[in-house]
Amino acid sequence: MTGTKSARIYLNTFNNSATQQLSNGSIPMQHTHIKANQAWWKIDWREILDYRDLLFMLVLRDLTSVYKQTILGPLWFVIQPLITSVVFTIIFGTVAKVPTDGIPQFIFYMSGTVFWNYFQGCMTHSASSLGSNTSLMTKVYFPRLIIPLSGAMSNLAYFGLNLIMFFGFYFYFLFFTTATMHPQVNLIFLPFLVLQCALLGIGIGLWVAAMTIKYRDLRFALPFLISIWMYATPIVYPASLVVNPAMRLVLCMNPMTFIVESVRFLLTGTGTVTLTCAMLSIGMTIFFLVTGLFLFNRAQRTFVDMI
């Protein structure tokens, strides 16, 4: 029996000459066909809204269970990006002497790390949304898109803590050091970059979740691919180092390039932001999100039958 939505049950009772069948002592034959009440390419957003209480419960579960029974607890939310930024500053800034376009090294690395961590969190949570919740899906019905959405919301809370920590260092370098940074008036566009981070992470994660059902190797390859993707994004180096036009176009085809460089430009006035990169990044985000939603919606309908 397939179909993860509430099913419509069609009873086709073949009772031609029912009186004759009853007189012969036979029972009228009934055929029950169970199928989903809408096509796979239709997404019921109203149903997701109806399950908003479950969405908030899953977000609360994610927030309380990740670091439960740990000594430092929620402090791990800020310790991880802080240590990563310190390591990048020492290795790439002090030892390798990679230029940062005049931006203080710590601010340069942390700005990229904070946004990358949010994107990575949304992507990995969406990618594992089917496999890690198998026991729940086999017992009760709910819109499966609730799980990726809950991951984006819970990771948004982590991102908020990281952003508060980042702005603490940012304002210190801005007002109490001689660092040259020029915040842009259009800093109000920063929330839109956060939204793009979430939508891109969800879209790619839904792709991986749908493909993992058939190709289980992806769950082992995903951490490796994420590491490669991070170093292909200008987090530890500025995009201005890439001067070859062909290579710069390849760099712009990475949608995270525009996001990271735009964040640095809005906060410091320094960053390689072009119309080409913006169009490629936004276009690829829309593509991955829309196609990921359809692929995930199609895969989740038969997921329970395939596990």
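The rules we used
- Residues numbered from 1 in each chain as written.
- Predicted model: local features only at pLDDT ≥ 70, side-chain atom pairs only at ≥ 80, totals over all residues.
- Heavy atoms only, no water.
- Helix = DSSP H or I, 4+ residues; strand = E, 2+ residues; numbered from the N terminus.
- Buried < 20%, exposed > 50% of the residue type's maximum accessible area, 1.4 Å probe, protein only.
- Phe/Tyr/Trp six-rings, centres within 6.5 Å; stacked < 30°, edge-to-face > 60°.
- Contact = heavy atoms within 4.5 Å.
- Axes fitted to C-alpha atoms, helices over the stretch in contact; angles between N-to-C directions.
- Parallel < 35°, antiparallel > 145°, perpendicular 65-115°, else oblique.
- Left-handed = near helix turned anticlockwise from the far one by under 90°.
- Expected span 1.5 Å × (residues − 1).
- Polar contact = N/O pair within 3.5 Å; in protein donor to acceptor, adjacent residues only side chain to side chain.

Novice: Outline the overall build of the protein chain, supporting the account with residue identities and numerical values.
Specialist: Per the secondary structure count, the protein chain includes 13 helices and 2 strands. For the protein chain, with 307 residues in total, the buried portion stands at 41%.

Novice: Go over the packing of aromatic side chains with me, naming the residues and quoting the values.
Specialist: With the rule as written, the count across this model stands at 21 aromatic pairs. Residues Phe88 and Phe92 carry aromatic rings whose centres are separated by 5.6 Å and whose planes lie at 70° to one another, so their mutual orientation is edge-to-face. Of the two residues, Phe88 and Phe92 both sit in helix α4 (residues 76-95), 4 residues apart, roughly one turn of that helix. Looking at Phe88, the relative accessible area reads 7%, which means it is buried.

Novice: Describe the side chain of Ser154, naming the residues involved and giving the relevant values.
Specialist: Mapped onto the secondary structure, Ser154 falls in helix α7 (residues 146-176). The contact partners of Ser154, leaving out residues within four places of it in the chain, are Val59, Asp62 and Leu63.

Novice: Can you explain the packing of helix α5 (residues 105-127) against helix α11 (residues 255-268)? Please cite residues and give values.
Specialist: At a closest axis distance of 10 Å, the pairing of α5 and α11 adopts a crossing angle of 140°. One element, α5, and the other, α11, form an angle in the oblique class. Between α5 and α11 the crossing geometry is right-handed. Of the residues in α11, those in contact with Phe108, Ser111, Gly112, Phe115, Trp116 and Phe119 of α5 are Met256, Ile259, Val260, Val263 and Arg264.

Novice: Could you give an account of α11, with specific residues and numbers?
Specialist: With 14 residues, α11 should cover 20 Å at 1.5 Å per step; its first-to-last C-alpha distance of 21 Å lies within 8% of that length. Across the 14 residues of α11, 13 count as buried, placing the element largely inside the fold. Just downstream of α11 lies Gly269, where phi reads positive at about 80°.

Novice: Now, about unusual backbone geometry: what can you tell me, with residues and values included?
Specialist: Even without being glycine, Lys97 reaches a positive phi, approximately 55°. Topologically, Lys97 is positioned in the loop between α4 and α5. In this structure, Asp101 is a non-glycine residue whose phi angle is positive, near 60°. By the secondary structure assignment, Asp101 is in the loop between α4 and α5.

Novice: Can you explain the side chain of His125? Please cite residues and give values.
Specialist: Turning to its location among the elements, His125 is positioned in helix α5. For His125, a relative accessible area of 18% gives the class buried. Within the local environment of His125, its side chain forms a polar contact with the side chain of Asp62, the two groups lying 3.3 Å apart. Residue contacts for His125: discarding those within four places in its chain leaves Asp62, Ile147, Pro148, Ser150, Gly151 and Asn155.

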